[in-house]
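For reference, the chains in residue letters:
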Amino acid sequence: MGIIQCNGLTKYYGAVPALKGIDLDIEPGQIVGLLGPNGSGKTTFIKLANGLLTPNGGEIRINGNTPGPATKSIVAYLPDREFLPGYMKVGALMKYYADFFRDFNESKAIEMFRSLGIQPDMTIRSMSKGTREKVQLVLCMSREAQVYLLDEPIGGVDPAARDYILRTIISNYNPRAVVMISTHLISDVESILDDVIFIKEGNIVLHGKADDIRAEKGMSVDALFREVFKC
Amino acid sequence: MLGKLLKYEIRAVGRIMLPLYAALLILSVVFGAVMASDQNMDMYKTIIAFTTLLLVLVFTIVAIMTLVTIVQRFNKNIYGSEGYLTLTVPASIATHIWNKTISALIWFFFSEIAGVFALVFMTVPVMGVENVGTAFEMIRKVKVDITPLDVVSIIIMAVVITGSLALRIYASISVGHLVSRAQNVCGIAVFIGFTIVEAVILNIFGLDSFTNVTMSISDNMPEVGMHVLTPQLLGPCFFALAFGAIYYVITWGIMKYRLNLQ
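Residues numbered from 1 in each chain as written. Chains lettered and ligands numbered in written order. Predicted model: local features only at pLDDT ≥ 70, side-chain atom pairs only at ≥ 80, totals over all residues. Heavy atoms only, no water.

(A) The overall build of chain A, seen in detail. Of regular secondary structure, chain A possesses 9 helices and 9 strands. For a compact globule of 231 residues, the expected C-alpha radius of gyration is about 17 Å, and chain A comes in at 17 Å, within 12% of that figure. Seen through its principal axes, chain A has C-alpha atoms that stretch 50 × 35 × 35 Å. Taking all 231 residues of chain A together, the buried fraction comes to 54%. Looking at chain A alone, contacts between residues at least 24 apart form 70% of all its contacts between residues at least 6 apart. (Helix = DSSP H or I, 4+ residues; strand = E, 2+ residues; numbered from the N terminus. Rg over C-alpha atoms; globule rule 2.2 N^0.38 Å. Buried < 20%, exposed > 50% of the residue type's maximum accessible area, 1.4 Å probe, protein only. Contact = heavy atoms within 4.5 Å.)

(B) A look at the interface of chain A and chain B. Each partner contributes to the interface: chain A provides 27 residues, whereas chain B provides 27 residues. By the criterion of area lost to chain B, the three top residues of chain A are Leu52(A), Tyr87(A) and Phe100(A), representing 27% of everything that side buries. Between chain A and chain B we count 1 salt bridge in total. For Lys7(B), the salt bridge is made with Asp99(A), and the minimal N-O distance between the two is 2.7 Å. The tally of links between chain A and chain B comes to 13 residue pairs in polar contact (both at pLDDT 80 or more). Of all the secondary structure elements, the ones that give two or more residues to the side of chain A that touches chain B are strand E1 (4-13), helix H2 (69-72) and helix H3 (90-100) of chain A. Top contributing element to the side of chain A that touches chain B by residue count: H3(A), with 5 residues. Class assignment for the residues of the side of chain A that touches chain B results in 15 nonpolar, 4 polar and 8 charged. (Buried area = accessible area lost by both parts, 1.4 Å probe. Salt bridge = Lys/Arg side-chain N within 4 Å of Asp/Glu carboxyl O. Polar contact = N/O pair within 3.5 Å; in protein donor to acceptor, adjacent residues only side chain to side chain. Nonpolar A, V, L, I, M, F, W, Y, C, P; charged D, E, K, R; others polar.)

(C) Up close: the nonpolar core. Counting residues in hydrophobic clusters, the biggest one holds 111 residues, and the most contacted among them are Ile4(A) and Phe45(A). Summarising the domain contributions, this core has at least three residues from each of domain 1 (1-136) and domain 2 (142-262) of chain B. Excluding residues that lie within four positions of it along the chain, Ile4(A) makes contacts with Leu24(A), Asp25(A), Ile26(A), Phe45(A), Ile60(A), Arg61(A), Ile62(A), Val147(A), Leu149(A) and Val178(A). Listed in part, the 14 residues of the second largest apolar core include Val13(B), Leu27(B), Val58(B) and Ala114(B). (Core = buried A, V, L, I, M, F, W, Y, C linked by side-chain atoms within 4.5 Å. Domains from an automatic or database assignment.)

(D) Structural detail: the side chain of Ser103(B). Inspection of the secondary structure puts Ser103(B) in helix H4 (residues 93-127). Residues in contact with Ser103(B), not counting those within four places in the same chain, are Leu6(B), Glu9(B) and Val13(B).

Take a look at the structure:
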């Protein structure tokens, strides 16, 4: 049984379908790319997995449970937006994460912040956008979670920051966990992906091992993506 | 988990309200000192007028900010950008609602206490410390026979009525969240609607509104030696408890089955 399972998962925004009966079974211990253009349903799927949206049909389960306190204790989530309170300091945020998440590794977070030159007494609102995003990433990846859901972690940052983010993800995640990265910047993440899911207009159009797809299609995942999602 | 949420909630509200309380109390001390000072001073009237104006302003700000902060904390922390953090901690929906409600009760209470201290700081320098006891007796109108049960009852009723108000706010915000546009306007309209419905229901049962209940406790009790546990005072409180329960269910239901964090 996969750690992330969904059966007929459906979500509408008004009359607009965002997800149309998604079925998925994702095993732990791999890095999964949830790939699709803007508006394909990636963020909707991730928010449903976190219990921030309620489905209109079907269900999603994390480790056998529907989204709730039990799943939230094992899921580390990085939204595609800024969400940390601006008035809070980095040190206070580490305490917050340590208070609420048993799997939060505070010493790892301290070390990562030190390597970035981010002081514990800095407030979120005093930082640049890029630095805020790094703080969010560090807090998320300092958890030894069973599921990491990273929504567009490299969107909106410069190439150097992208490399840093991907290095941080690779070097800090729990290897027994599943890491799901949603993005439309395929070429940047392709090299680290074990599993690939293409999502288009709320439907899963492809799901398989990255190596198998490359061997079968004779092209990179990025090239295949451009072909599948050609405008 | 509730204790942890409450810790952070109180800190978040405290950074806004504590400076306001400090401003109120400092101004009250200044006002009291000025009132007790040499009234032949040339600038006396100007200083009194200015200090009075400031004091009224700060009192008003404290009252409004208590309400605004409670509304904003729920709106932003649950349905806003901070909801991406708050609602991903491993706490149940019930825990989140209780956290917000208890926090609202605490800050309403602190605002009342700040107001009482402000009044003391304003009046004691003028009447003199030795007259404070006499002043309290005058307020109580001597004939009152307040029992410990009355005190406990007043506290319980204050908690129920204030808690019901907080839950009404949260339910209104939650209903507003259901629409895609003008969510704040919708929330305000729903709050007004809930308030009207409550007043109508109380009227149908021949009961006073909650505002009149509060007035009755201070007006009726001393003069007739009436105790708190009377039907005209208990009735609205039982309804407050019932309304509060309904608002809780509305809020819980929307957060459980209709949450759509954008």
